[in-house]
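# Architecture at a glance
One letter stands for each residue in the lines below.
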2 protein chains.
Amino acid sequence: MTLDERKARVLRAVVEEYIETGMPVGSRVIAKRYRLGVSPATIRNEMADLEDTGYLDKPHTSSGRVPSDRGYRFYVDELMPKKKLTADESRAIESLFRTKMRDVVSFLREVVRVVSETSHYLGFVLGPDCESVTFRSIHILPASSEKALLVLITDIGFVETCLIESDVPSEELAGISEMLSRNLTGVTMDRVADKAYSLLKEETSRYAMIVDQVVEFLRSVTMSEGERLYVGSPVNLLNLPEFRDVERLKGVMAAIESNGILKAILTRSHDETSPTIRIGVENEDESIRDISMVYGTFSAGSTEGKVGILGPKRMDYSKAVAIVSMLEDRLSGYFARNR
Amino acid sequence: MTLDERKARVLRAVVEEYIETGMPVGSRVIAKRYRLGVSPATIRNEMADLEDTGYLDKPHTSSGRVPSDRGYRFYVDELMPKKKLTADESRAIESLFRTKMRDVVSFLREVVRVVSETSHYLGFVLGPDCESVTFRSIHILPASSEKALLVLITDIGFVETCLIESDVPSEELAGISEMLSRNLTGVTMDRVADKAYSLLKEETSRYAMIVDQVVEFLRSVTMSEGERLYVGSPVNLLNLPEFRDVERLKGVMAAIESNGILKAILTRSHDETSPTIRIGVENEDESIRDISMVYGTFSAGSTEGKVGILGPKRMDYSKAVAIVSMLEDRLSGYFARNR
DNA sequence: GGTTAGCACTCTCGGGAGCAGAGTGCTAAA
DNA sequence: TTTAGCACTCTGCTCCCGAGAGTGCTAACC
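### Regarding the relation of the copies chain A and chain B
- With an RMSD of 0.2 Å, the fit of chain A onto chain B corresponds to turning through 179 degrees and sliding 0.0 Å along the axis. Both chain copies can therefore be described as sitting about a two-fold axis. Scanning chain A for the C-alpha nearest the rotation axis identifies Val 246 of chain A, at a separation of 3.5 Å.
- In this assembly, 97% of the residues forming the interface of chain A have copies in chain B that are likewise at the interface, indicating an isologous arrangement.

In structure tokens:
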């Protein structure tokens, strides 16, 4: 499963050339642009071998070669150089952490925007999951004569709020919140609503109005799994020749938007090496078999989230890895600081 | 500028047929499908007249007619039937208001989603603007030993939160928030940060740490103009024949995403009739001259927001108007209830 | 034996040519 | 005023051809 020196250099040249141009690459270009010191004919022989062993494909009998999924895989595993981000790119990413974000949701949206922008592909973030996030405290604040504001804070600094109807006097609201906070601290979010209900059920008669609303709020926070996934804008994909065909774009978009698919993949994966790379067929799901993704994990308190990039198979893996690695690091730091 | 009875019927038939099929429509189809009681030849004469007066266009010398922007305009002004939403459509919209939303931002995002879905075009919402939203109250809650949570509530029920560093004891935090709330209530959001600063500057020495952060938070809330515009996913547009050409889609997407454009149009417009319809060239901005938009205004407290639909010129205006009208109404109601 | 030049072969892509189909405009008759 | 008829126009499709790019193979070369 290993390749001799020269074959490896040819494969690398083909992959990099193809990543850059998007057009099948011929022996001529390789010989000219990548100084391997041999003639096109020799390159042709090597390419034929690489095709036999499955590292390269031919779109048709007689046009240049294109890396196969296996070829990309070998490239990212063995040949790919470690690219550094340009000053501009790292500045764009760092700026995320310099300006204070008001809440985690807008922060993660902003992360997605920056990832899409610097990678020129499609960025996404999967937020930490509820099952391992725990309750820290709840506050019930009087908001007007008939309204109160519920404010929930979790251990990783997520804040959720909700306006409810309430005519309960503010001292009693404070009492309830204090009691809930005291008893629920450390409980995981998926169990918090039930636990709150049992704590509050004796009070039901006195504060019936707000008890239901508080429990419903806690439940809805847990349920809002759907909102964990943030995906960037697909404008960048429109510039890629592989998405000239609207149908293909539609397929990918549908898959991503259907939301379940990407999330399932990301939550299922407990991966080995730091940024995970999924190339074409390596993706479980049919609908994204002709694109690639690069994603990594960041830790947020007791749990973790994912950040990644979706792009064509001929994506600039090296840069994608650099971006994802940097974000894994910075995001973990961010959540550690903001606990 | 008026049309005789039969010309009007022909124009209406052409517009509706074109909206439905997206293909240039010929005299034959009109005669067959729309019982006007005359032959294709007569229709042809009428169509020729309509072309002379600028209501119809011909893509090329000898193919069917297509409505011109002026034709669409006449159609929406004079000919368009008032469509009712189907049961499914109104149910989808009503469901927005039945399930309790946790915060205004996710609520508006959800509105955008539903609008896109029921219209099959691209929905958008422009939230109320800061200059006319006023401050209601602020709370500074202890969140952990070195953190505090700022919670800001505005008169229309918008809630913004932010975690800050703080080692100030909770009683004093309560004192500060109480003082701020008392003095700032009713102040418009664009002036609140400065006012807060002058209120707090005497305390600067004692609570230097948090004073700056509070002021910065208030300032950033005002600044977050950029987040006021919510735009749906453009997947629906991919299904339209007019966006088969990727370039066109790219143009529109870029214009929308650049954010300033759409917002400028919406904030500038103080329109006459309830749902405003902008057809093709009627749009000020070059980049959206070949699409149409239908949007309306909803009131939120002392200020207002916009909700609308972006689609091809041959969009189903009648349905778009129905959707927008319904939302103008419901959203105004929603913000009135949730003050 | 590995490397290279040469050459025949294959396949795509772009530009006509030709043809069916759809639709028009005009004319003349009802 | 309406309509039938007909010549005309323009598109879209298919087929065909030639140019160009690239390959695989063979035979010569170092």
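### Here we look at the interface of chain A and chain B
- Of the residues lining the interface, 32 residues belong to chain A; the matching set on chain B comes to 32 residues.
- Only strand 4 (135-142), strand 5 (147-154), strand 6 (159-165), helix 9 (204-223), helix 10 (235-238) and helix 11 (246-257) of chain A provide two or more residues apiece to the side of chain A that touches chain B.

### Focus: the domain arrangement of chain A
All names here are of chain A.
- For chain A, the assigned domains are domain 1 (5-79), domain 2 (87-130 + 227-337) and domain 3 (133-225).
- With 11 residues of domain 2 in contact, the opposing surface of domain 3 contributes 12 residues.
- Its residues assigned to classes, the side of domain 2 that touches domain 3 comprises 5 nonpolar, 3 polar and 3 charged.

### Re the packing of helix 1 (residues 5-21) of chain B against helix 4 (residues 69-79) of chain B
All names here are of chain B.
- Interhelical geometry of helix 1 versus helix 4 gives an angle of 110 degrees and a closest axis separation of 10 Å. Here helix 4 runs roughly perpendicular to helix 1, going by the angle between their axes. By crossing handedness, the relation of helix 1 to helix 4 is classed as left-handed. Residues Ala 8, Leu 11, Arg 12 and Val 15 of helix 1 lie in contact with helix 4, whose contacting residues are Gly 71, Tyr 72, Phe 74, Tyr 75 and Leu 79.

### A few points about the protein's contact with DNA strand D
- Taken together, 20 residues lie near DNA strand D, and Gly 26 of chain A together with Val 38, Thr 42, Thr 61 and Ser 62 of chain B sit nearest.
- Listed by contribution, the elements that provide at least two residues to the surface near DNA strand D are helix 2 (27-33) and helix 3 (40-52) of chain A together with helix 3 (40-52) of chain B.
- Considered class by class, the residues forming the surface near DNA strand D number 5 nonpolar, 12 polar and 3 charged.

### Some thoughts on the protein's contact with DNA strand C
- With respect to spatial proximity, 21 residues lie near DNA strand C, and among them Thr 42, His 60, Thr 61 and Ser 62 of chain A together with Gly 26 of chain B are the closest.
- Those elements giving two or more residues to the surface near DNA strand C turn out to be helix 3 of chain A together with helix 2 (27-33) and helix 3 of chain B.
- By residue number, the principal contributor to the surface near DNA strand C is helix 3 of chain B, which donates 4 residues.
- Partitioning the surface near DNA strand C into residue classes produces 6 nonpolar, 12 polar and 3 charged.

### Some details on the sheet that holds strand 9 (residues 291-300) of chain A
All names here are of chain A.
- Reading across the sheet, the 5 strands line up as 7-3-10-9-8 and stay open at both edges, with antiparallel pairing between neighbours. Both edges of this open sheet fall to strand 7 (229-231) and strand 8 (276-279), since each of them pairs with a single strand only. Direction aside, the axes of adjacent strands within the sheet are offset by 15 degrees on average.
- Pairing analysis gives 10 bridges linking strand 9 to strand 10 (residues 303-312), with the strands arranged antiparallel. What sits directly across from Ser 292, in strand 10, is Gly 311.
- Contacts between helix 6 (residues 104-119) and the sheet are confined to strand 3 (122-126), strand 7 and strand 10, with strand 3 contributing the most and set at about 150 degrees to the helix.

Rules of the game
- Residues numbered from 1 in each chain as written.
- Chains lettered and ligands numbered in written order.
- Predicted model: local features only at pLDDT ≥ 70, side-chain atom pairs only at ≥ 80, totals over all residues.
- Least-squares fit on C-alpha atoms with pLDDT ≥ 70 in both.
- Contact = placed C-beta atoms within 7 Å.
- Helix = DSSP H or I, 4+ residues; strand = E, 2+ residues; numbered from the N terminus.
- Domains from an automatic or database assignment.
- Nonpolar A, V, L, I, M, F, W, Y, C, P; charged D, E, K, R; others polar.
- Axes fitted to C-alpha atoms, helices over the stretch in contact; angles between N-to-C directions.
- Parallel < 35°, antiparallel > 145°, perpendicular 65-115°, else oblique.
- Left-handed = near helix turned anticlockwise from the far one by under 90°.
- Near = placed C-beta within 6 Å.
- Pairing = 2+ DSSP bridges.

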